[in-house]
Amino acid sequence: MPKETYAVRYVADQPVERISPPLASGQLRRTLPSGKPLPGSRILRVMVWNIFKQQRANWLSVLQEFGRNAQLILLQEAQTTPELVKYATSHYLAADQVPALIFPQHPSGVMTLSATHPIYCCPLREREPLLRLAKSALVTVYPIHNGQLLMVVNIHAVNFSFGIDVYTKQLEPIGEQILHHYGPVITAGDFNAWSRQRMLALHRFTERMGLGEVTFIDDQRRRTFGRPLDFIFYRDMKVSEASVLVTQASDHNPLLVEFQPVPHIPTKTDGAADHRFRLTKIG
């Protein structure tokens, strides 16, 4: 029997909240509740980091130093230790985690820290066929200063599998979420794109979603078989700065990006993307 998929929300001085997935991605087409926008008038700072379950020294000092000005922090392999939960709730208004691996003490999975409360939250999980371990993803939506709604996708992609069937299967519900959203999008995390097949599947996916890729002049991202594992993709945003922080505090290096939201320019394909996505199999 498959395990239940849910998110856990940590907020300072409030009980831990458990959030179930919405009944359908079409909920995004309906009116979402209002909320306070992410702070910052022009620049949106984002940090993306596979934190390796906080197994190495200095992970907290890296978060404190380089995450202090970020409105969003997207962590993968975040284990809900008291130290991480304390950091999250003392520096951010909300921290949402999707447990993928349930350890005896603290679950591990993707966690999104945000400087305001999300108005939409959709947890996702996919099981790896070989090790029977799960990887998680989280879709959240936030108001921003210009009146738009920003969708943020935090993903840790499946790693050990033959072929790309399970890999592309994990991307499909994320694609449905993106295609139902009108406004800027950030999709980021550890995509485990270590093979040519996976890279091709990922590029086909982002092309269909209308997502651009953040590039790094000094590209110090963690690589396997010569290919980077961590990516940031975006839509209706302008990249102001992008860098990779070299650190020994994890087996991955954090990605630091500054965005400027820009208005969406309607195209002839708007509204047809949902139909096109269902007709074309990814990969």
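Summarised in this report is the structure supplied together with it.

1. Focus: the overall build of the protein chain
Then, number 1: In terms of regular secondary structure, the protein chain is built from five helices and 16 strands.
Then, number 2: Out of the 283 residues in the protein chain, the part that is buried amounts to 56%.
Then, number 3: When contacts within the protein chain are restricted to residue pairs at least 6 apart in sequence, long-range pairs at least 24 apart make up 70% of them.

2. Quick word on helix H1 (residues 59-66)
Then, number 1: Within the span of H1, buried status applies to Trp59, Val62 and Leu63. Down the axis of H1, the smallest arc covering the buried residues is 100°, so these residues share one side.
Then, number 2: Residues of H1 that are buried sit in contact with strand E3 (44-50), strand E4 (72-79) and helix H2 (82-91).

3. Points about the sheet that holds strand E5 (residues 94-101)
Then, number 1: A sheet is described by the order of its strands in space; here eight strands give the open sequence E2-E1-E5-E6-E4-E3-E16-E15, paired in mixed fashion. Since the sheet does not close on itself, it has two edges, and those belong to strand E2 (17-19) and strand E15 (237-244), each with one partner. Across the sheet, the mean angle separating the axes of adjacent strands is 20° when strand polarity is ignored.
Then, number 2: As paired strands, E5 and strand E6 (residues 108-114) are joined by seven bridges and run antiparallel to one another. Its bridge partner being in E6, Gln97 is matched across the sheet by Met111.

4. Observations regarding the packing of helix H3 (residues 165-179) against helix H4 (residues 196-209)
Working note: a packed helix pair is described by the angle between its axes plus the distance between those axes.
Then, number 1: The interhelical angle for the contact between H3 and H4, taken along N-to-C directions, is 10°, at an axis separation of 11 Å. By the angle class used here, H3 and H4 are roughly parallel. On the side of H3, the interface is formed by Tyr167, Thr168, Leu171, Ile174, Gly175, Ile178 and Leu179, while H4 contributes Arg198, Ala201, Leu202, Phe205 and Met209.
Then, number 2: Taken together, the residues that form the contact of H3 with H4 break down as nine nonpolar, two polar and one charged.

5. Quick look at the sheet that holds strand E11 (residues 212-213)
Strand pairing in a sheet relies on backbone hydrogen bonds, with the paired strands running either antiparallel or parallel.
Then, number 1: With mixed pairing, the six strands of this open sheet are ordered in space as E7-E8-E9-E10-E14-E11. Looking along the sheet, the strands with just one partner apiece sit at the ends: strand E7 (120-127) and E11.
Then, number 2: Looking at chain direction, E11 and strand E14 (residues 230-235) are connected through two bridges and run antiparallel. Bridging across to E14, Glu213 finds its partner in Phe233.
Then, number 3: Along the sheet, H4 makes contact with E11 and E14, crossing E14 at roughly 15°.

6. Re the packing of H1 against H2
Then, number 1: Viewed as axis vectors pointing N to C, H1 and H2 meet at an angle of 10°, and their least axial separation amounts to 11 Å. Taken together, the axes of H1 and H2 are roughly parallel relative to one another. Where H1 approaches H2, its residues Trp59, Leu60, Leu63 and Gln64 are matched on the opposing element by Glu83, Leu84 and Tyr87.
Then, number 2: Among the residues making up the contact of H1 with H2, the classes are represented as five nonpolar, one polar and one charged.

7. A few points about the pattern of salt bridges
Then, number 1: Within this structure, the stated rule accounts for nine salt bridges.
Then, number 2: Salt-bridge contacts for Arg68 lead to Glu65; the nearest nitrogen and oxygen are separated by 3.1 Å.
Then, number 3: The exposure class assigned to Arg68 is partly exposed, which follows from its relative accessible area of 49%.
Then, number 4: One network of salt bridges, with partners in common, ties together Asp219, Arg221 and Arg223.

What counts, and at which threshold
Residues numbered from 1 in each chain as written. Predicted model: local features only at pLDDT ≥ 70, side-chain atom pairs only at ≥ 80, totals over all residues. Heavy atoms only, no water. Helix = DSSP H or I, 4+ residues; strand = E, 2+ residues; numbered from the N terminus. Buried < 20%, exposed > 50% of the residue type's maximum accessible area, 1.4 Å probe, protein only. Contact = heavy atoms within 4.5 Å. Arc of directions from axis to C-beta. Pairing = 2+ DSSP bridges. Axes fitted to C-alpha atoms, helices over the stretch in contact; angles between N-to-C directions. Parallel < 35°, antiparallel > 145°, perpendicular 65-115°, else oblique. Nonpolar A, V, L, I, M, F, W, Y, C, P; charged D, E, K, R; others polar. Salt bridge = Lys/Arg side-chain N within 4 Å of Asp/Glu carboxyl O.

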